[in-house]
Amino acid sequence: MLPHAVARLLKEIPWGEPVVPIVHDPEFAADLKKVMGMDAPNFHMLSRSKWLRTVILRVSTVRTSYLSERLALLASLVTAQENSCRFCYGNARAFLKMLGLSEKEIDAVEHDVKTAGADDNERELLHFCRDLSRSNPRPARAQFDRLVSMGYDPRAMVEIAMIVGGACMNNRVATFLAVPLVTELENYSPSFFKRLMAPVWRLMHPAPPPPPPESLAPVTGPFAEIVSLMKGTVGVVTFHDALVGAFASPVLPVRTKAWVFAVVARALDCQLCERGAARILSQEGVGEEVRRRVLEALAGPDLDATEKVLLPWVRETAHYQTEVMQRRTYELRERVGEEVVLEVVGLAALANACSRVSMLAQ
Amino acid sequence: MTASLLAVAAAAGAALTALMLGMVLARARRRIGKLERAVTRASEDLERLERAFGRFAPEDVVEKLGQGAKEIAPERREVTIMFADLVGFTPLSERVDPASLIPVLNDYFRRMSRVIRDHHGHVSRIMGDGLMALFGALVPNSWQSADAVRAALAMRAALDELNAEVEKRGLPPLRFGVGLNRGDVVAAVVGSDQLMEFTVMGDAVNLAARVEALTRAHGVDILVTDSVRTKLDDRFEVRELPPAEVKGKSEPVRTWAVVAFKD
């Protein structure tokens, strides 16, 4: 009914030149082939950051246990639409077509989640995804509880928060780095044979079984409070590994990473994330008074030279306009170099994801 | 023989009916196609409008208005309000040909709006040669006061740039006064079916307007209240001015002139 309306609008959004070069890495190519069945050249933009490339690959291909694959992809599509991410939007749309959804069905969802052809419950769910992605303000826990009372499995709801959080991360990495667009994916149209085989393919690749009981055990590591909100779902492992990988990376000091999380938490008014960041900052010797001062000004003598440049950029990552953000990221690259820019884009994106998932607690 | 003729006639009739039905269906499909294209265009326009209006009102407000909501519940929120007014523009407009002056005024608004947007604010209203801008009204913003003051300083620089061009045109340089205050306001969509706007109301708004007027009395261009100054770190150079009486306030109001920002 509304062919490609949003797709065309997204194409009106200028998309800049890549912020960092694509560096082909054979080891990463092998990982991509193993997980996705093919090498994806654009993913190699992230190849120089081992933790980030692993996280993005994992988040992009995560399979939910309680939430249907169709709903998971629809949630990703709505999130990409909200974040005006052409790259992820094209991907999500193509994957939905691979699942057998028609252009018409996808168009109806993307046009307006309130008037889409889906049933009332589904519309409500997608509305929740959009509010969570938008986070202006973040949806209250009551909205989550209402969906559970409508009949959604609470674990599926946790998975949807994880999917939206993960999609917010992917959108930010793709947008801030201006990952080259894959026009083949934007215009992808499956052949008649592929459409015919879609149900067979789904039968051959069923949803993974629920995570093992150990994922119900208390979670440790950075931001454990947030990770443990996803207990019993694949989200625990995905986010736990992402955070551990990010904080183990040697590119930036732990203190700087904690500042990144604290600033995003402040921008999104996420008290849980700010508490988690405060704990790490305290372990790194940053007292409460210094933390308060820095977070109020995003500057000050307590920050090192890199932090002084990074923090004002980080605050922009919560709510942004694509063109402005890409311009600011080019400027950041000129000041801190490619390696640091890649690192901070990943960290800020992960912090945004955590701040969204944390709504499960509030 | 008659039976054969009847059969042929029936077949011909059926064929004719099928042909006519086919033509009707083809016509209907063409019309549906046209309608679909029209709906798509309308849908694109709507999306564009929603995105454009998102720069002037919060996304959820735009969405509710788009769905035909007659009334939107007002909300209380903390914002930083900026009033900016051109000093001596009215007498100037009486002396100078409007054809020369209006393009300058439009250029002024364009430059100021860009600077305000770059600092996370949005122009809420334009009143003659003045404007009201809000920081923290569309998206919650912890750094709204620092953003607003940095915007005011960037506006000062933008005005200097504009004046270099204005003087080349043989016109006197423009001067402005900017007043800033922070406080709780009621944010609402007000107006009628004919004209409505998303705006803020309350004592904090009135005080920002009064403080802007005080710039003339104090002979400075950027003036902030205590509620803004307490949110500024020591990179902002401010100078305290004597408390002044303002309409609607029983106590004199303390203000600070903003001198510079040292990054």
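Procedures and definitions
Residues numbered from 1 in each chain as written. Chains lettered and ligands numbered in written order. Predicted model: local features only at pLDDT ≥ 70, side-chain atom pairs only at ≥ 80, totals over all residues. Heavy atoms only, no water. Helix = DSSP H or I, 4+ residues; strand = E, 2+ residues; numbered from the N terminus. Contact = heavy atoms within 4.5 Å. Areas by Shrake-Rupley, 256 points an atom, 1.4 Å probe, with all protein chains shown as cover. Buried < 20%, exposed > 50% of the residue type's maximum accessible area, 1.4 Å probe, protein only. Axes fitted to C-alpha atoms, helices over the stretch in contact; angles between N-to-C directions. Parallel < 35°, antiparallel > 145°, perpendicular 65-115°, else oblique. Left-handed = near helix turned anticlockwise from the far one by under 90°. Core = buried A, V, L, I, M, F, W, Y, C linked by side-chain atoms within 4.5 Å. Salt bridge = Lys/Arg side-chain N within 4 Å of Asp/Glu carboxyl O. Pairing = 2+ DSSP bridges. pLDDT = per-residue confidence, 0-100. Phe/Tyr/Trp six-rings, centres within 6.5 Å; stacked < 30°, edge-to-face > 60°. Lys NZ or Arg CZ within 6 Å of the ring centre and 35° of its normal. Expected span 1.5 Å × (residues − 1). Patch = residues over 30% accessible without salt bridge, like charges linked within 9 Å, V, L, I, M, F, W, Y side chains within 5 Å. Lys, Arg positive; Asp, Glu negative; His and termini not counted. Charge placed at Lys NZ, Arg CZ, Asp CG, Glu CD.

Engineer: So, the overall build of chain B: which residues are in play, and what are the values?
Structural biologist: On a plain count of helices and strands, chain B comes out with seven helices and eight strands. Sequence-distant contacts, at least 24 apart, represent 67% of the contacts inside chain B between residues at least 6 apart. Here chain B displays about 14,600 Å² of accessible surface, and carbon together with sulfur accounts for 57% of that area.

Engineer: Explain the overall build of chain A to me, using residue names and the numbers behind them.
Structural biologist: Within chain A, the regular secondary structure consists of 19 helices and zero strands. Within chain A, the proportion of its 362 residues that are buried is 56%. The long-range fraction of contacts in chain A, counting pairs at least 24 apart against all pairs at least 6 apart in sequence, stands at 73%. Just so you have it, chain A exposes about 14,700 Å², and 57% of that area is on carbon and sulfur atoms.

Engineer: So what's going on with the environment of Gly287 of chain A? Which residues, and what values?
Structural biologist: Within the element layout of this structure, Gly287 of chain A appears in the loop between helix H15 (271-283) and helix H16 (288-297). For the pair Gly287 of chain A and Asp107 of chain A, spaced 180 residues apart in sequence, the C-alpha to C-alpha distance is 51 Å.

Engineer: Can you break down the packing of helix H4 (residues 69-82) of chain A against helix H5 (residues 86-98) of chain A residue by residue, with the values?
Structural biologist: Residue and element names in this part refer to chain A. For the pair H4 and H5, the least separation of the axes is 8 Å and the interaxial angle reads 155°. The orientation of H4 relative to H5 falls into the category roughly antiparallel. Regarding H4 and H5, the two cross each other, and that crossing is left-handed. Residues Arg70, Leu73, Leu74, Ser76, Leu77, Ala80 and Gln81 of H4 form the contact with H5, whose participating residues are Cys88, Tyr89, Ala92, Arg93, Phe95 and Leu96.

Engineer: I'd like a description of the nonpolar core, backed by residues and values.
Structural biologist: Membership of the largest hydrophobic core comes to 117 residues, with the highest contact counts inside it found for Met169, Leu177, Trp259, Phe261, Trp313 and Leu350 of chain A. In this view, Met169 of chain A contacts Trp51, Leu52, Val55, Ile56, Gly346, Ala349, Leu350 and Ala353 of chain A; residues no more than four positions away in its chain are not counted. If you look at the next biggest cluster of nonpolar residues, it comprises 41 residues, including Val104, Leu153, Val228 and Phe236 of chain B.

Engineer: Please set out the pattern of salt bridges residue by residue, giving values where relevant.
Structural biologist: When their charged atoms lie close together, side chains carrying opposite charge are able to pair. Residue and element names in this part refer to chain B. Taken as a whole and assessed by the stated rule, the structure comprises 39 salt bridges over all chains. A salt bridge links Arg216 to Asp85; the shortest N-O distance between them is 3.5 Å. Pair noted here: Arg216 is in helix H6 (residues 203-218) and Asp85 is in strand S1 (residues 75-87), with a separation of 131 residues, a long-range link. The salt bridge partner of Asp107 is Arg110, with a shortest N-O separation of 2.8 Å. Of the two residues, Asp107 and Arg110 both sit in helix H4 (residues 98-118), three residues apart, roughly one turn of that helix. For Asp107, a relative accessible area of 6% corresponds to the buried category.

Engineer: How would you explain the pairing of strand S3 (residues 130-135) of chain B if you had to name every residue and give the values?
Structural biologist: All names here are of chain B. The buried fraction of S3 amounts to six of the six residues, a majority that puts the element mostly inside the structure. Here S3 shows a buried face lined by Gly130, Met132 and Leu134 and a second buried face lined by Leu131, Ala133 and Phe135. Bridge count between S1 and S3: six bridges; the pairing is antiparallel. Residue pairing for S3: Ala84 is matched across the bridge by Leu131. Examined bridge by bridge, strand S2 (residues 121-127) and S3 share six bridges and lie antiparallel to one another. Looking at S3, one finds that Val123 is bridged to Ala133. Where S2 hands over to S3, the hairpin turn is made up of two residues, of which Gly128 adopts a positive phi near 60°.

Engineer: Quick one: what's the story with the pairing of strand S8 (residues 253-261) of chain B, residue by residue and with numbers?
Structural biologist: Successive side chains on a regular strand alternate, one facing one side of the sheet and the next facing the other. Residues and elements named next belong to chain B. In this structure, strand S6 (residues 222-225) lies alongside S8, joined through three bridges in antiparallel fashion. Residue pairing in the sheet places Thr225 in a bridge with Thr255 of S8. Of the strand pairs in this sheet, strand S7 (residues 236-244) and S8 are connected by seven bridges, and their pairing is antiparallel. Across the sheet, Glu240 pairs through a bridge with Trp256, a residue of S8.

Engineer: Kindly report on the confidence of the model for chain A, identifying the contributing residues and their values.
Structural biologist: Residue-level pLDDT values for chain A average 86, and 90% of them are 70 or greater. At the level of individual helices and strands, chain A shows its lowest average pLDDT in helix H1 (residues 5-11) of chain A, which scores 61, and its highest in helix H14 (residues 254-267) of chain A, which scores 98.

Engineer: Any chance you could break down the packing of aromatic side chains for me, citing the residues and the numbers?
Structural biologist: Counting across every chain of the model gives eight aromatic pairs over all chains. Arranged with centres 5.0 Å apart and planes meeting at 75°, the rings of Phe176 of chain A and Tyr320 of chain A form a pair that is edge-to-face. Of the two residues, Phe176 of chain A sits in helix H9 (residues 154-176) while Tyr320 of chain A sits in the loop between helix H17 (305-315) and helix H18 (322-336), which places them 144 residues apart along the sequence. Exposure remark for Tyr320 of chain A: the relative accessible area of 18% places this residue in the buried category. Between the aromatic rings of Phe236 of chain B and Phe261 of chain B, the centroid separation amounts to 4.7 Å while the plane-to-plane angle is 55°, which identifies the pairing as tilted. Of this pair, Phe236 of chain B sits in strand S7 while Phe261 of chain B sits in strand S8, and the two are 25 residues apart along the sequence. Judged by its relative accessible area of 6%, Phe236 of chain B falls in the buried class. Taken together, the ring pairs connect Phe176, Trp313 and Tyr320 of chain A into an aromatic cluster. A cation over an aromatic ring shows up here: Arg229 of chain B above the ring of Trp256 of chain B, its NZ or CZ 4.4 Å from the ring centre.

Engineer: Could you give an account of helix H3 (residues 50-61) of chain A, with specific residues and numbers?
Structural biologist: Every α-helix carries 3.6 residues per turn, so stepping three or four residues along brings you back to the same face. Residues and elements named next belong to chain A. Taking 1.5 Å as the rise per residue, H3 with twelve residues should run 16 Å; its terminal C-alpha atoms sit 17 Å apart, in good agreement. Within H3, the full set of buried residues consists of Trp51, Leu52, Arg53, Val55, Ile56, Leu57 and Val59. Those residues of H3 that are buried lie in contact with helix H2 (26-36), H9, helix H13 (234-248) and helix H19 (338-357).

Engineer: Tell me about a nonpolar patch on the surface, and please be specific about residues and values.
Structural biologist: Taken together, the side chains of Phe192, Phe193, Leu196, Met197, Val200 and Met204 of chain A define a hydrophobic patch exposed on the protein surface, amounting to about 640 Å² of accessible area. With respect to the secondary-structure elements, Phe192 of chain A resides in helix H11 (residues 192-204).

Engineer: Give a description of the confidence of the model for chain B that names residues and reports values.
Structural biologist: Predicted confidence across chain B gives a mean pLDDT of 88, with 88% of residues reaching 70 or more. This prediction of the complex comes with two scores: 0.83 for pTM and 0.79 for ipTM.

Engineer: So what's going on with a positive patch on the surface? Residues and values would help.
Structural biologist: On the surface, Arg27, Arg30, Arg31, Lys34 and Arg37 of chain B cluster together into a positively charged patch. Within the element layout of this structure, Arg37 of chain B appears in helix H1 (residues 2-53).

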